[in-house]
Amino acid sequence: MSSEICPCGSKKEFDQCCGIYLSGKAVAPHPEDLMRSRYVAFYRNDLDYLKKTWHPETYPEDLGSEEPSNWVGLEIIEASEEEDEGEVEFKARLIYDNKLEVLHEISYFDKIDGLWLYHSGDFENDGKPEKLSKSTPCPCGSGKKFGNCHFQK
Ligand SMILES: [Zn+2]
Ligand SMILES: [Zn+2]
């Protein structure tokens, strides 16, 4: 058993959290669980899981052709579901080009044959990426300075 903390921000162990869904031991019971596990799949570049949990109507054929991003945090703002439809509003933070970007999205989920699937999302504009100084604490929460952590030359 690994004691890795789940990247989704739950503070639980990965094996007790999104790992259950990524490994296929169980399916995500609510849109929020699916959202968290999909964030972790992006984080780990688990394209199989992303495909499995994507609505076939909207699945992008070129998934994975872009450079993997440095995801550093997920915050669920609101999650709701009604019968076979769900909505999750979240902010995901990533570092790209030594800048901190915040992806603020409202995602829409459909339940098909008992499985929640990601359908699509609306972006909320949260302003420009923020340039990070090497001497500030890294936004990933490691406790290290950015210059000694996610900084890329
Ligand atoms: Zn998790
Ligand atoms: Zn870091």
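Report on the accompanying structure.

Conventions adopted
- Residues numbered from 1 in each chain as written.
- Chains lettered and ligands numbered in written order.
- Predicted model: local features only at pLDDT ≥ 70, side-chain atom pairs only at ≥ 80, totals over all residues.
- Helix = DSSP H or I, 4+ residues; strand = E, 2+ residues; numbered from the N terminus.
- Expected span 1.5 Å × (residues − 1).
- Buried ≥ 20, exposed ≤ 12 C-beta atoms within 10 Å, placed from the backbone.
- Contact = placed C-beta atoms within 7 Å.

Notes on helix α2 (residues 31-44)
Right, so step 1: Compared with an ideal rise of 1.5 Å per residue, which puts 14 residues at 20 Å, α2 spans 20 Å between its outermost C-alpha atoms and is within 8% of the ideal.
Right, so step 2: Across the 14 residues of α2, 12 count as buried, placing the element largely inside the fold.
Right, so step 3: All buried positions along α2 are accounted for by Pro31, Glu32, Asp33, Leu34, Met35, Arg36, Ser37, Arg38, Tyr39, Val40, Ala41 and Tyr43.
Right, so step 4: The secondary structure elements touched by the buried residues of α2 are α1 (18-22), α3 (47-52), β1 (70-82), β2 (85-96), β3 (99-112) and β4 (115-124).
Right, so step 5: Just downstream of α2, Asn45 is the residue with a positive phi angle, here 60°.

Concerning unusual backbone geometry
Right, so step 1: Backbone geometry at Glu83 places phi at a positive 50°, although glycine is not the residue there.
Right, so step 2: Overall, Glu83 belongs to the exposed group, with 6 C-beta atoms counted inside 10 Å.
Right, so step 3: One non-glycine residue with positive phi stands out, namely Asn98, at about 60°.
Right, so step 4: The partly exposed category is assigned to Asn98, around which 17 C-beta atoms lie within 10 Å.

Distances and angles like these do not, on their own, reveal function.
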